[in-house]
Amino acid sequence: MKKQDELFRFLEYSPENAERIGYSDYSYWKSVWQNFLKRKSAVFMAIVFIALVIFSYVALAIAKYDYANLRIDASLSFISPNSEYWFGTDNLGQDYWCQVWYAAQISIKLALIVVLGECAIGIIIGCVWGYVRQLDRFFTELYNIINNIPTLIYMTIISMLIGQSFATMAISMISIGWLRMARNVRNLVMVYRDREYNLASRCLGTPIWRILTKNILPYLVSVIILRLATSIPQTIGLESTLSYLGLGLGVDTPSLGILLRNSRATFMQYPYLLVFPAAIVSTITVTFYLVGNAFSDAADPRNHV
Amino acid sequence: MLKYTIKRLLQSLFTVFLIASIIFILMRMLPVENYFTEDEAMNLTEEQQQDILEAAGLLDPLPVQLLDFYKDTLKLDFGTSRRIQKGALVVDVIGDKFTVSMRNGATALCIALVLGVLLGVGQTLNKEGIIDHFGTAFTIFVNSVPTIVSFALIMVFGSKVLGLPTLYSSRKVMMSSIMPIFCLSLGSIAGYALWTRRYMVDELNKDYIKLAKIKGLSRGKIMLKHVLKNAFVPLTQYLPAAFLSTIGGSMLCETFFSVPGMGPLLTTGVTKYDISVVQTLSILYASLGVLGAFLGDVLMIIFDPRISLLTKEESR
C-alpha cells in the first residue's frame, strides 16, 4: 500500500488547465480508433492479416512459376515441398505455391466484394423495412419465403442457368446474403425508431432520410461491423463449400474449395496438399474474425469514455 | 390460443404454397434439354424427344402445368423419380435416405446439446479461467475456419490416428458413422456453448440471483435451479427447428464422407432435372421449416409460462 500523500498532491490553480478540462473534443471515430489501439492482441492480428494480404501479391511475384502458364506434367506429380517447388506439386505436376496464393487472393477478393455488397443493400433495405410500418408485412413474408428455400437450390439453379464465373458467384451470393443483414438492421431500427428524440425530431419536420442517417444509423455501427466481421469468414467458407461441391467457381479458377476438391483423393497420402491452403485461409479468416470483434467492441459508444 | 394457432397455421400453409410455386417456376426456367441423359440425347431423334416431353406435360403452357402440379399435390401424388432412381416413387426414394440422415443428425444434435450446454455451464462457472478461455478459442475456431477445412482435418486425424474408416459403408454402420456425426455436431457444440454462456452470464447479474445468494442458497443450487433453467428458455426456441432440419441431412458432410443421405439429393435433383424429386423436397423442407418455427414458439411457452404469443402479436 502506498501512503496517501504519495498518491495525491496539490496543484496550483491554472485557468488554462481548467479550460482544457471543461472543453471536450470528443470525436466518435477518434475514440473508436483509440479504443481499438488499446487492444494489443487485436492490433497484432490486424497486422498479421494485412501482412498476409500483401504477401499474397509478393508471393506471386517471387514465385518461380506463373499461374497463367502452368503445365500439366504427370512425371512431376506429388513432389514434396523443396527448394524448386516451395509447396510441392499437385497430382498434375503443377507448382502448388502459386496456386495456393492465387486461391487465397480469389477467396479474399470474393469475400470482400460479397460482404460490401450485402452490407450496402442490407442496410438500405433494412432501414426502409424497419422504419416504414406498412412495408413490414411484405418484407417479413419475403424473408420467410427466401429463407425457407435452401441456399443450395438457388446456387444450383443459378449455376445451371447462367454458368459459373466469379461475377455470377458474387452476384448470387449477394442476392441471398443481404437478407440476414437487412433483418438485423430492421430489428435494431424498430428499437430506436420510436425513441423520444426521434419523435421530437419528426415533430420538428426532419425528413425521414435524415432521421435514419443521423439519428438511427450511428447506433447500428458496432452491430454492422460485427456482422461484417462474421460475414467474411462465412462467405469464404460458403464459397469453398460450394466450389468443393462443384456449384461455385469453375474448375479453372482456383479457390480453396477447388484445391481441396482436386486433392480430395490424395490429401490423405500427401497431407501438404491440405495443410498449406488450409493454414493460409484459416489464418486469414481467424485474424479477420478477431479484429472485427475487437473493432466492433471499440465502435460501441457505450464503451467510450 | 386456438385462434392464434389456426391463424398461424393458415399463414404457414400460404408460405409453403408460395415457396412450392416459386420452386416450380424456377425449375421450368432451366433448359428443357437437361431432361434427357447424354445417351438419350444421342440416340433419340428430335421428334421422339418432343414426343416424350409432350407426354410428360412439359410443353404445356406454364399455368396449365402449375395447375396440374397443384392437383397432384392435393391428391398427395408426388410423382416418380426420373433420373435418380428411375421409375421409383419419389416418396420411396426419400424414405430410403431420410432414415440415415435423421439417425446421424439426431445423434449429432443430442451430442451437441449435451456437450455444448455442459461447455457453456463450465465456461460460466470458470469465468476468465482455463475452461472459459478454451471454450472461447474453440468457438472462434469453429466460427471462422471454413467448415470444409475442419472436416478435412478431422478426416485426416480420425483415419491416421484413430484408424476410423473415411467412407461410410452399410456393413460397418457404427464405426463409419463416428466421423460424420462428430463433424455434424462440431458447429452446434460451439453454438450452444456460446449462447448458454451468454444467457447464463446475463442471468447471473440479475437481482433475484443476488437475493438467492443472500438467502444462503448453495452455488450449485443457484446455478442449476435458477440460472440454467432461465438461460435455457431462449435456447429451446430453436430446438424443434434444429431437430426437424436433421431430416434434410447435411449436404457437405454427406458428400464428404459418402453417406447415402438426403443432403445431396436436392442438388442432384436440380442438376439431373429430376423435377418431381426437387418439388417434393422443397415442399418438405419448407413445411419442416415453418413447423419448426411454430413448435419452437410453443416449446418456449411451455418452458416459460410468462411468455405469451398473443401479447407479442398485439404489441407489434
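Given the structure is predicted, the values throughout are model-derived calculations rather than measurements. (Residues numbered from 1 in each chain as written. Chains lettered and ligands numbered in written order. Predicted model: local features only at pLDDT ≥ 70, side-chain atom pairs only at ≥ 80, totals over all residues. Heavy atoms only, no water.)

Student: Quick question: what am I supposed to make of the nonpolar core here?
Tutor: Most often, soluble globular proteins have nonpolar side chains that are buried together. Grouped together as the largest cluster of nonpolar side chains are 133 residues, with contacts concentrated most on Ile153, Phe267 and Ile280 of chain A together with Phe256, Phe257 and Leu281 of chain B. With 14 residues, helix α5 (residues 96–131) of chain A is the largest single contributor of residues to this core. Once you skip the residues sitting within four places of it in the chain, Leu281 of chain B turns out to touch Ile94, Met262, Leu265 and Leu266 of chain B. Counting residues in hydrophobic clusters, the runner-up holds 13 residues, among them Cys119, Val189, Tyr192 and Ile216 of chain A. (Core = buried A, V, L, I, M, F, W, Y, C linked by side-chain atoms within 4.5 Å. Buried < 20%, exposed > 50% of the residue type's maximum accessible area, 1.4 Å probe, protein only. Helix = DSSP H or I, 4+ residues; strand = E, 2+ residues; numbered from the N terminus. Contact = heavy atoms within 4.5 Å.)

Student: Hey, could you run me through the interface of chain B and chain A in this one?
Tutor: Think of interface size as the accessible area that goes away when the parts come together; that is how it is often given. The interface is formed by 41 residues belonging to chain B together with 37 residues belonging to chain A. Linking chain B with chain A are zero salt bridges. In this assembly, chain B and chain A are joined by three residue pairs in polar contact (both at pLDDT 80 or more). Sorting the residues of the side of chain B that touches chain A by element identifies α1 (2–29), α6 (130–144), α7 (147–160), α12 (251–256), α13 (265–271) and α14 (275–303) of chain B as the ones contributing at least two each. Broken down by element, the residue count for the side of chain B that touches chain A peaks at nine residues, all from α1 of chain B. In terms of residue class, the side of chain B that touches chain A is built from 28 nonpolar, eleven polar and two charged. (Salt bridge = Lys/Arg side-chain N within 4 Å of Asp/Glu carboxyl O. Polar contact = N/O pair within 3.5 Å; in protein donor to acceptor, adjacent residues only side chain to side chain. Nonpolar A, V, L, I, M, F, W, Y, C, P; charged D, E, K, R; others polar.)

Student: Would you explain the environment of Ala88 of chain B in this entry?
Tutor: For Ala88 of chain B, the position within the fold is in the loop between α4 (62–74) and α5 (90–125). Excluding residues within four positions of it along the chain, Ala88 of chain B makes contact with Thr80, Ser81 and Val93 of chain B.

Student: Help me out: how do you make sense of the packing of aromatic side chains in this one?
Tutor: The geometry of an aromatic ring pair is captured by two quantities: the separation of the ring centres and the angle between the planes. Scanning the entire structure with this criterion turns up 22 aromatic pairs over all chains. Judged by centre distance (4.5 Å) and plane angle (20°), the rings of Tyr192 of chain A and Tyr219 of chain A are stacked. In this pair, Tyr192 of chain A is assigned in helix α8 (residues 166–193) and Tyr219 of chain A in helix α10 (residues 208–245), connecting sequence segments 27 residues apart. With relative accessibility at 15%, the residue Tyr192 of chain A sits in the buried group. Ring geometry for Phe24 of chain B and Phe69 of chain B: centres 4.8 Å apart, planes at 20°, overall stacked. Residue Phe24 of chain B is found in helix α1, and its partner Phe69 of chain B is found in helix α4; the two are separated by 45 residues along the sequence. As far as burial versus exposure is concerned, Phe24 of chain B and Phe69 of chain B are alike and both buried. Cation over ring: Arg183 of chain A sits above Tyr143 of chain A, and NZ or CZ is 4.6 Å from the ring centre. (Phe/Tyr/Trp six-rings, centres within 6.5 Å; stacked < 30°, edge-to-face > 60°. Lys NZ or Arg CZ within 6 Å of the ring centre and 35° of its normal.)

Student: For this particular structure, what's the right way to read the pattern of salt bridges?
Tutor: Pairing between side chains of opposite charge can happen when their charged atoms approach one another. In the structure shown here, the tally under the stated rule is nine salt bridges over all chains. Linking Arg8 of chain B and Asp297 of chain B is a salt bridge whose minimum nitrogen-to-oxygen distance equals 2.8 Å. Placement of Arg8 of chain B in helix α1 and of Asp297 of chain B in helix α14 is noted, with a sequence separation of 289 residues between them. By the burial criterion, Arg8 of chain B is buried, and Asp297 of chain B matches it. Lys210 of chain B is the salt-bridge partner of Asp207 of chain B, the closest N and O atoms lying 3.9 Å from each other. With Asp207 of chain B and Lys210 of chain B both in helix α9 (residues 207–215) and three residues apart, the pair spans about one turn of that helix. You can call Asp207 of chain B exposed: its relative accessible area is 60%. On the basis of relative accessibility, which here comes to 48%, the residue Lys210 of chain B falls in the partly exposed class. One continuous salt-bridge network, built from bridges that share partners, spans Arg133, Arg193, Asp194 and Arg202 of chain A.

Student: What should I look at first to understand the side chain of Thr124 of chain B in this one?
Tutor: Residues and elements named next belong to chain B. Along the chain, Thr124 turns up in helix α5. Thr124 sits in the buried class, given a relative accessible area of 4%. Ignoring anything within four residues of it in the chain, the contact list for Thr124 reads Arg197, Met200, Val201 and Leu204.

Student: Got a minute to help me understand α7 of chain B in this structure?
Tutor: Compared with the 20 Å implied by 1.5 Å per residue over 14 residues, the 20 Å span of α7 of chain B between its first and last C-alpha is a close match. Taken across its 14 residues, α7 of chain B has ten buried, putting it largely inside the fold. Turning to α7 of chain B, the residues buried within the fold contact α10, α11 (256–262) and α12 (272–299) of chain A together with α6, α8 (173–204) and α12 of chain B. (Expected span 1.5 Å × (residues − 1).)

Student: Could you clarify how one ought to interpret helix α4 (residues 40–62) of chain A in this entry?
Tutor: Residues and elements named next belong to chain A. The terminal C-alpha atoms of α4, which comprises 23 residues, lie 32 Å apart, in line with the 33 Å expected from a rise of 1.5 Å per residue. In the structure, α4 departs most strongly from a straight axis at Phe55, where the bend amounts to approximately 25°. Regarding α4, the residues found buried are Ala42, Ala46, Phe49, Leu52, Ser56 and Ala59. Among the structural elements, α3 (28–38), α5 and α12 are those in contact with the buried residues of α4. (Bend = angle between axes of the 7 residues up to and from the residue.)

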